[in-house]
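Next come the chains, spelled out residue by residue.
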Amino acid sequence: MEFLLDGILAITWQQVLMWAIGGLLIYLAIGKGYEPALLLPMGFGAILVNLPLSGVLDQVMEGIGETHGIIQWLFETTIEASEALPLLLFIGIGAMIDFGPLLSNPKMMLFGAAAQFGIFFAISVAVLFGFNLTDAASIGIIGAADGPTAILVSQIFRSNYVGPIAVAAYSYMALVPIVQPFAIKLVTTKKERMIRMPYNPKNVSRTTRLLFPILVTIIAGLVAPASVSLVGFLMFGNLIRECGVLDSLSQTAQKEFANIITLLLGITISFSMVADKFVRLDTLFIMLIGLVAFVFDTIGGVFFAKFLNLFSKNKINPMVGAAGISAFPMSARVIQKMALKEDNQNHLLMHAVGANVSGQIASVIAGGIILGLVPQMIK
């Protein structure tokens, strides 16, 4: 009967800490409602992979030999070997996005680009902290506020910090309602937050909606070839939505397909949260750098809006610039809520949505640029 005690005797304090971290993620998902579809499976998976001699990981059993664990197998086949889960999720995300607000006001595309500043700032900070360039680039992508892109880039670069990067990316996405208002108020005045922006949407033709995902894919592929898988899957999902002949597939991509992939991605990425890889001082640095990246993304978008206002007759509410991050549609909702709090007649939602969807495009292109640029720099 001694074998019944093997697991209890093998417990380490690092594993207990990971149970606590898993419990915290579950609490944020259930108690606070922060990204429950991702944080709950990640939290529960963190507990599963940190049980001593866990059967969800590969083990060598006496008298039997090597056995395969389901979470390790999922990670090795759907993330490590093929990056399949993060990429497939983009099909569902693309099917959810309505580019109409962006197409009716194309200048919102500028904010998607401006709000990626935090990525490159965080890369610089990570290098100063002593991380090598590929790890620094992987950490910097946390600033995109785009979990699948962060996982994909860190996995392609074979970063040693896939787990902390994934946890940081999804945690900060979930904390948008807390982090963004704080960052915005740091760099804006009440008067700026009360700027009203009338919404006069232009009619967007069906042809424009159909051509947009195709042209974006081609242009992005020519400018940043490494982004083709990221941008291509995102735009393919949007084309399914807009084509008008695949309504049932569009609904499936938005709901059942996206939910299944999200569920599997959350619990699969927990393999990289094994205690001996996760409980390190580097993890704390990564979480801090990720937070800095996220804050500077927000601030970068706000300052860009202020810059445009120097030359614009029709002023832009600087908060709209903050919506240029990739956390769709959470960031747009946060901006609308803040605007109504300052002035209950100020409706910025559709402007913020335009900036927010441009941020989704910009984040995957930024990921592709980094995938193409960093290998050239380390030759």
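Bear in mind the structure is a predicted one, so any value in this text is a computation, not a measurement. (Residues numbered from 1 in each chain as written. Predicted model: local features only at pLDDT ≥ 70, side-chain atom pairs only at ≥ 80, totals over all residues. Heavy atoms only, no water.)

Assigned secondary structure in the protein consists of 21 helices and 2 strands. Relative to its length of 379 residues, the protein is compact, with a C-alpha radius of gyration of 21 Å against a globular reference of 21 Å. Taking the principal axes of the C-alpha coordinates as reference, the protein spans close to 80 × 45 × 45 Å. The 379 residues of the protein split such that 54% are buried. By element, 68% of the accessible surface of the protein is carried by carbon and sulfur atoms, the whole surface being about 16,900 Å². (Helix = DSSP H or I, 4+ residues; strand = E, 2+ residues; numbered from the N terminus. Rg over C-alpha atoms; globule rule 2.2 N^0.38 Å. Buried < 20%, exposed > 50% of the residue type's maximum accessible area, 1.4 Å probe, protein only. Areas by Shrake-Rupley, 256 points an atom, 1.4 Å probe, with all protein chains shown as cover.)

Looking now at the pattern of salt bridges. When charged atoms on two side chains of opposite charge get close, those side chains can pair. A complete count under the given rule lists 8 salt bridges for this structure. A salt bridge links Arg209 to Asp98, with the nearest nitrogen and oxygen atoms 2.8 Å apart. One end of the pair, Arg209, is in helix 14 (residues 206–223); the other, Asp98, is in the loop between helix 5 (84–96) and helix 6 (100–103), and 111 residues separate them in sequence. A residue is classified by how much of its surface remains accessible, and Arg209, at 21% relative accessible area, is partly exposed. Residue Lys190 is joined to Glu342 by a salt bridge in which the shortest nitrogen-to-oxygen separation is 2.7 Å. Within this pair, whereas Lys190 is found in helix 13 (residues 190–193), its partner Glu342 is found in helix 20 (residues 330–342), the two being separated by 152 residues in sequence. (Salt bridge = Lys/Arg side-chain N within 4 Å of Asp/Glu carboxyl O.)

Residues Leu39, Phe99 and Tyr170 are the most contacted members of the largest nonpolar core, which totals 112 residues. Every residue in contact with Leu39, bar those within four places of it in the chain, is listed here: Leu25, Ile26, Leu28, Ala29, Tyr34, Tyr170, Ser171 and Ala174. (Core = buried A, V, L, I, M, F, W, Y, C linked by side-chain atoms within 4.5 Å. Contact = heavy atoms within 4.5 Å.)

This brings us to the side chain of Ser227. With respect to the helices and strands, the residue Ser227 is situated in the loop between helix 14 and helix 15 (228–242). A distance of 3.5 Å separates a polar atom in the side chain of Ser227 from the backbone oxygen of Ala220. The residues touching Ser227, leaving out its near neighbours within four places in the chain, are Ala220, Gly232, Val364, Ile365 and Gly368. (Polar contact = N/O pair within 3.5 Å; in protein donor to acceptor, adjacent residues only side chain to side chain.)

Residue pairs spaced three or four apart in an α-helix point in one direction, given the helix's 3.6 residues per turn. Burial runs high along helix 10 (residues 147–156): 9 of the 10 residues are buried. Gly147, Pro148, Thr149, Ala150, Ile151, Leu152, Val153, Ser154 and Gln155 are the residues of helix 10 that are buried. Note on helix 10: the residue one or two positions beyond its end, Arg158, has a positive phi of about 55 degrees.

This paragraph deals with the layout of surface pockets. In this structure, the largest pocket encloses a volume near 540 Å³. Residue composition of the lining of the largest pocket, by class: 14 nonpolar, 6 polar and 3 charged. (1 Å grid on protein atoms, 1.4 Å probe; cavity = no way out; pocket = protein on both sides within 12 Å on 5 of 7 lines; lining within 4 Å. Points joined across faces, edges and corners; volume = space filled by probe spheres on them. Nonpolar A, V, L, I, M, F, W, Y, C, P; charged D, E, K, R; others polar.)

A word on the packing of helix 20 against helix 21 (residues 349–377). At a minimum axis distance of 8 Å, the contact between helix 20 and helix 21 shows a crossing angle of 150 degrees. One way to sum up the angle between helix 20 and helix 21 is to call them roughly antiparallel. Here helix 20 and helix 21 pass one another in a crossing that is right-handed. Along the contact surface, helix 20 presents Met330, Ser331, Ala332, Arg333, Ile335 and Gln336, while helix 21 presents Leu349, Ala352, Val353 and Asn356. (Axes fitted to C-alpha atoms, helices over the stretch in contact; angles between N-to-C directions. Parallel < 35°, antiparallel > 145°, perpendicular 65-115°, else oblique. Left-handed = near helix turned anticlockwise from the far one by under 90°.)

Moving on, we get to a nonpolar patch on the surface. Where nonpolar side chains cluster on the molecular surface, the patch consists of Leu211, Ile214, Leu215, Ile218, Ile219, Leu222 and Val223 and spans about 700 Å² of accessible area. By the element assignment, Ile218 lies in helix 14. Of the residues examined, Ile218 reaches a relative accessible area of 48% and is grouped as partly exposed. (Patch = residues over 30% accessible without salt bridge, like charges linked within 9 Å, V, L, I, M, F, W, Y side chains within 5 Å.)

To continue, consider unusual backbone geometry. Even without being glycine, Glu83 reaches a positive phi, approximately 55 degrees. Within the secondary structure layout, Glu83 lies in the loop between helix 4 (70–80) and helix 5. If you check the backbone angles, Arg158 has positive phi at about 55 degrees while not being a glycine. Under the relative-accessibility criterion, Arg158 is labelled exposed at 52%.

All right, on to the packing of aromatic side chains then. Summed over all chains, the structure comprises 10 aromatic pairs. Ring centres 5.2 Å apart and planes at 70 degrees place the aromatic pair Phe307 and Phe311 in the edge-to-face group. The rings of Phe111, Phe304, Phe307 and Phe311 are connected pair by pair, giving a single aromatic cluster. (Phe/Tyr/Trp six-rings, centres within 6.5 Å; stacked < 30°, edge-to-face > 60°.)

With that settled, the discussion passes to the environment of Ala166. Here Ala166 is to be found in helix 11 (residues 162–174). Aside from chain neighbours lying at most four places away, what touches Ala166 is Met42, Ile151 and Ile269.

Bringing the environment of Asp135 into the picture now. With respect to the secondary-structure elements, Asp135 resides in helix 9 (residues 133–140). Looking at Asp135, the relative accessible area reads 5%, which means it is buried. Between the C-alpha atoms of Asp135 and Ile123, which are 12 residues apart in sequence, the distance is 8.8 Å. Those residues in contact with Asp135 that sit more than four places away from it in its chain are Ser159, Asn160 and Tyr161. A distance of 3.5 Å separates the side chain of Asp135 from the backbone nitrogen of Asn160, its partner in a polar contact.

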